[in-house]
Amino acid sequence: MKKIIVAIDGHSSCGKSTMAKSLAKSIGYTYVDTGAMYRAVTLFAIRNGMFGTDGSIDTDSLSSRMNEITVSFRNDACGRQETLLNGEVVENEIRGMEVSGKVSPIATLGFVREAMVCQQRRMGQEKGIVMDGRDIGTVVYPDAELKIFVTASDEVRAQRRFDELQAKGDSSTFEEILKNVRERDYIDSHREISPLRQADDAIVLDNSNMTIAEQDAWLMARYNETVNS
Ligand code: DC
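Scope of this entry: the structure provided in the associated data block. Note that the structure is a prediction, hence the values are computed from the model and not measured.

Moving on, we get to the site of the ligand. Taken together, 15 residues lie near the ligand, and Arg39, Ser104, Arg113, Arg184 and Arg191 sit nearest. Between the ligand and arginine 134, the relevant distance is 2.9 Å, taken from an oxygen atom to a side-chain nitrogen or oxygen of the residue. When the free accessible area of the ligand is taken as 450 Å², the share hidden by the protein chains comes to 96%. The set of elements that each furnish at least two residues to the shell around the ligand consists of α2 (34-47), α5 (97-107) and α9 (174-190). Per-element tally for the shell around the ligand: the top contributor is α2, with four residues. Looking at the shell around the ligand, its residues break down into four nonpolar, four polar and seven charged.

Bringing the nonpolar core into the picture now. In globular proteins that are soluble, nonpolar side chains generally tend to be buried together. Counting 35 residues, the largest nonpolar core has Val41, Leu62, Ile69, Ile106 and Val112 as its most contacted members. Only β1 (5-10), α2, α5, α6 (110-123), β6 (129-133) and α7 (136-140) provide two or more residues apiece to this core. The dominant element in this core, judged by the number of residues it contributes, is α2, at eight residues. The residues contacting isoleucine 69, other than those within four sequence positions of it, are Val41, Phe44, Leu62, Leu85, Asn86 and Gln119. Counting 20 residues, the second largest nonpolar core, distinct from the first, contains Val130, Ile148, Trp218 and Val227.

Strand order in the open sheet made by the five strands is β2-β6-β1-β7-β8, with parallel pairing throughout. Looking at the sheet topology across the chains shown, the edges are occupied by β2 (30-33) and β8 (203-206). Taken pair by pair, the neighbouring strands of this sheet meet at an average axis angle of 20°, ignoring direction. Where helix α1 (residues 16-27) meets the sheet, it contacts β1, β2, β6, β7 (146-151) and β8, and its direction lies at approximately 175° from that of β6.

What follows is about the packing of aromatic side chains. One pass over the full model with this rule turns up two aromatic pairs. Each ring, one from tyrosine 29 and one from tyrosine 223, has its centre 6.0 Å from the other, and the planes form 85°; the classification is edge-to-face. Of this pair, tyrosine 29 sits in the loop between α1 and β2 while tyrosine 223 sits in helix α10 (residues 212-227); the two residues are 194 residues apart in sequence, bridging distant segments of the chain. Accessibility expressed as a relative area gives 5% for tyrosine 223, which makes it buried. Considering the side-chain rings of phenylalanine 162 and phenylalanine 174, the 6.3 Å spacing of their centres and the 85° angle between planes classify their relative orientation as edge-to-face. With phenylalanine 162 in helix α8 (residues 154-167) and phenylalanine 174 in helix α9, the pair connects residues that are 12 residues apart, well separated along the chain. Given the relative accessible area of 17%, phenylalanine 162 is considered buried. When the ring centre of phenylalanine 51 is taken as reference, the NZ or CZ atom of lysine 102 above it lies at 5.4 Å.

Reading the values: rules and limits
Residues numbered from 1 in each chain as written. Predicted model: local features only at pLDDT ≥ 70, side-chain atom pairs only at ≥ 80, totals over all residues. Heavy atoms only, no water. Near = heavy atom within 4 Å. Polar contact = N/O pair within 3.5 Å; in protein donor to acceptor, adjacent residues only side chain to side chain. Areas by Shrake-Rupley, 256 points an atom, 1.4 Å probe, with all protein chains shown as cover. Helix = DSSP H or I, 4+ residues; strand = E, 2+ residues; numbered from the N terminus. Nonpolar A, V, L, I, M, F, W, Y, C, P; charged D, E, K, R; others polar. Core = buried A, V, L, I, M, F, W, Y, C linked by side-chain atoms within 4.5 Å. Buried < 20%, exposed > 50% of the residue type's maximum accessible area, 1.4 Å probe, protein only. Contact = heavy atoms within 4.5 Å. Pairing = 2+ DSSP bridges. Axes fitted to C-alpha atoms, helices over the stretch in contact; angles between N-to-C directions. Phe/Tyr/Trp six-rings, centres within 6.5 Å; stacked < 30°, edge-to-face > 60°. Lys NZ or Arg CZ within 6 Å of the ring centre and 35° of its normal.

As far as function goes, none of this settles anything; it's purely spatial.
Listed below in structure tokens is the structure:
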């Protein structure tokens, strides 16, 4: 069967990665979480003191050290994907509120995006990839055979993220998370370079009222239509 590129874009915390992972597993494709890549760069910047107390970023320092940053992925013993920053597993740290609160400004930087997009294109050279993010169908793979744009209401997305963080023992409140979801939406959609937007040929999915099983089935149906067309 022909291999394709599946591009899944959309708002933060709307379940893109859950559906992308599930499809990749079912069809034997590689899953790439591009948000994790921007999060790993953010962690690098935090660890190296590149954020001022006012939230400003030392962009000169970060841009001069971009070549020291390698983001990769591997599966843990249970088959769950983990993100590595220069060979160190940073999966938990990149999902916490500190990184979540600082990642959007990092993702607005042109030199960061350039480096990440370059790595992302390299990962999809052989096709057979499911990639999720904000600019996959518009910038990284404008020729992707299947493009999905996912969205859900702010409250539903904040609740999902709240449940996820609670399960990990994070004490952030629902209100803090809702604020973070809204702030990230705003920055992601209003930035100058590669803003979050729906590709003209993307299929829209609002999954506010869908179960995970329903959204998986919906995506599998779109995949089957595409490879059989
Ligand atoms: O999907 P996520 O919440 O893990 O993404 C983290 C941040 O990275 C979010 O603010 C949007 C940004 N991002 C991006 O600009 N481009 C991508 N392809 C993926 C994520």
